[in-house]
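# What the coordinates show
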Amino acid sequence: MKTFYIETFGCQMNAHDSEKVIGTLVSDGYTQVEQLEQADLILYNTCSIRDKAEQKVFHRLNQFKKEHGKGKVFGVLGCVAQQEGERIFERAPFVSLVAGSASYSKLSQMLVQLEAGNRRVTGLSLDTEDAFETPFTRRDNPHRAYITIIEGCDKSCAYCVVPFTRGPERSRTSDKLLEEARDLARMGYLEIQLLGQNVNSYRDPSPAGWDFARLLRAMGEIDGIRRVRFTTSHPRDFVKEIVDAIDENPVLCNHVHLPVQSGSSSVLERMQRLYTRDDYLRRIDWIKKARRNIAITTDIIVGFPGETEAEFEETLSLLEEVQYDSLFNFKYSRRPNTPALALEDHISEEEKTRRLTILQEMQRDIQIRRNSALVGIVEEAFVEGYNQATGQWIGRTTQNRPLNFIHPEFPSPRDGATLAGTYLSVRVTRAGPNSLAGERVN
Ligand code: SAH
Ligand code: SF4
Ligand code: F3S
């Protein structure tokens, strides 16, 4: 029996890639094991978005090699693999496979080479035309399924490794995407999440030539699919039709993740983000003027090279103005190959930490205010599971807020019966900065 163990770092695209990698391995006769010690083949699907993520990979690899390495074959997949390429064989000589996401369609051939005893197998070409299409995807979540609609990224944000680690944009055809979504609906999936580094630049390569808004509308019409989400949107390519589509069809969730990175137009220019603060705010205005109450979330980087105190304060004033429902925040991290390396005036770690803390405290207050305003209302929660420790069902609203709740008639799972996978009306009774609590209502 051939066995493998896989660990995944990074974004949802990486998580979904791993699902496809697992599907491919299983169809090639491998069995997935949960314990690394039991595996013949050990795979790391890696992320290199920030330096810390990359360091973690080599730390883990060395640790596992030391503890359980005997007779095992190691493979590094994903963004660090693509970025470091064959240098990985030098940094971690026990690694036998190095492959980036653009070559996973050749994974089966690479496995054959590994089985033949080749100890330097690579898949590093970025000029691949084909996306990773496989009928063998093993999905982790029984209700919510990811679908990659576009791979790669054609932008060149000055801080970002993704264009180097995932190559140029390749969109999948609308036919294939809709077929995949319909199959998922038939299999009982209720929620679909469309993935891409920039879903807004989706361009159907088939003669139909659909743009993202058209694809989104079609996804919202599939029988059996109750919720459709998408991530990530790039402000430059975010068009009003997307808001119109959400307005017209409640299946399309009330949530837009629109990463801004900075509230300062001068920083945005140095970041090569291709929009100004005003351009961004115009898009926020479309979203806020929608008939439906659409949640807005974002990503922020503090301490980009040369970011002055005044520029940082513009980010704070943007937070105050937009009133985000939630945000991810990062300290700028220098990445190999990126244009920002050439910029001067790097900000010290202490200063980045200080800015991050101020930003986080401010956002925490905003979230407490926004979430508290929801107390008393009734929301539809999609039930994801049950939390034994708190005695609450775990739910999520269309706005993507965690809404954990008690159910008087069904206080916990029993005799194998569960509420997971159902949609229930829940009255919000309490609010914290990051989640809501509630009680089931009829
Ligand atoms: N394609 C998405 C972003 C993918 S990376 C987009 O354009 O929004 C996710 C987030 O990581 C980015 O939005 C950014 O906030 C952060 N990030 C990317 N590179 C970074 C770096 N070098 N240092 C710190 N944060 C970074
Ligand atoms: Fe990176 Fe910018 Fe592309 Fe997003 S749009 S993946 S931040 S280069
Ligand atoms: Fe990381 Fe690659 Fe995703 S760098 S964030 S895993 S695209």
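Residues numbered from 1 in each chain as written. Chains lettered and ligands numbered in written order. Predicted model: local features only at pLDDT ≥ 70, side-chain atom pairs only at ≥ 80, totals over all residues. Heavy atoms only, no water.

The strand order across the open sheet built from 6 strands is 2-1-3-4-5-6, with neighbouring strands paired in parallel fashion. On the outer flanks of this sheet lie strand 2 (30-32) and strand 6 (121-123), each paired with one strand and no other. Each strand of the sheet is rotated relative to its neighbour by a mean of 25°, with strand direction disregarded. In this sheet, strand 3 (residues 41-46) lies alongside strand 1 (residues 2-8) in parallel orientation, the contact comprising 5 bridges. Paired with Ile 6 across the bridge in strand 3 is Leu 43. Against the sheet, helix 1 (residues 12-27) touches strand 1, strand 2, strand 3 and strand 4 (73-77), its axis set at about 175° to strand 1. (Pairing = 2+ DSSP bridges. Helix = DSSP H or I, 4+ residues; strand = E, 2+ residues; numbered from the N terminus. Axes fitted to C-alpha atoms, helices over the stretch in contact; angles between N-to-C directions. Contact = heavy atoms within 4.5 Å.)

It is worth spelling out the site of ligand 1 at this point. Neighbouring ligand 1 are 15 residues; Tyr 159, Gln 197, Gln 261, Asp 299 and Ser 333 lie closest to it. Measuring from an oxygen atom of ligand 1, one finds a side-chain N or O atom of Arg 50 at 3.2 Å. Separating an oxygen atom of ligand 1 from a side-chain N or O atom of Asp 299 is a distance of 2.6 Å. Look at ligand 1: alone it shows 550 Å² of surface, and the protein chains cover 90% of it. Contributing elements (two or more residues each) for the shell around ligand 1: strand 13 (295-302) and strand 14 (326-331). (Near = heavy atom within 4 Å. Polar contact = N/O pair within 3.5 Å; in protein donor to acceptor, adjacent residues only side chain to side chain. Areas by Shrake-Rupley, 256 points an atom, 1.4 Å probe, with all protein chains shown as cover.)

For the rest of this paragraph, the subject is helix 9 (residues 240-248). Helical geometry: 3.6 residues make up each α-helical turn, so side chains three or four residues apart lie on a common side. Restricting attention to buried positions, one finds in helix 9 the residues Ile 242, Val 243, Ala 245, Ile 246 and Asp 247. Tucked into the core, helix 9 has its buried residues touching helix 8 (212-219), strand 11 (227-231), strand 12 (255-257) and helix 11 (277-288). (Buried < 20%, exposed > 50% of the residue type's maximum accessible area, 1.4 Å probe, protein only.)

Quick look at the environment of Leu 25 now. Mapped onto the elements of the fold, Leu 25 is located in helix 1. Leu 25 gets classed as buried once you look at its relative accessible area, which sits at 0%. Separated by 329 residues in sequence, Leu 25 and Arg 354 have C-alpha atoms that sit 45 Å apart. Once you skip the residues sitting within four places of it in the chain, Leu 25 turns out to touch Phe 4, Tyr 30, Leu 41, Leu 43 and Leu 111.

This next bit is on the nonpolar core. One recurring pattern in soluble globular proteins: nonpolar side chains tend to sit buried together. Among the nonpolar cores identified, the biggest contains 69 residues, and Ile 149, Leu 194, Phe 212, Met 219, Phe 230 and Tyr 324 are the most heavily contacted of them. Per-element accounting of this core gives the leading share, 6 residues, to helix 8. Once residues within four sequence positions are removed from consideration, Met 219 is found in contact with Leu 177, Leu 178, Ala 181, Leu 194 and Val 228. Leu 36, Leu 61, Val 80 and Phe 89 belong to the second largest nonpolar core, which has 23 residues in total. (Core = buried A, V, L, I, M, F, W, Y, C linked by side-chain atoms within 4.5 Å.)

Once that is clear, we can look at unusual backbone geometry. Of the consecutive residues Thr 231 and Thr 232, the connecting peptide bond is found in the cis state with omega at 5°. Here Thr 232 lies in the loop between strand 11 and helix 9. Positive phi values are uncommon outside glycine, yet Gln 261 reaches one of about 75°. Mapped onto the secondary structure, Gln 261 falls in the loop between strand 12 and helix 10 (265-270). In this structure, Asp 415 is a non-glycine residue whose phi angle is positive, near 45°. One can find Asp 415 in the loop between strand 17 (403-406) and strand 18 (423-431). Residue classification places Asp 415 among the exposed positions, given a relative accessible area of 80%.

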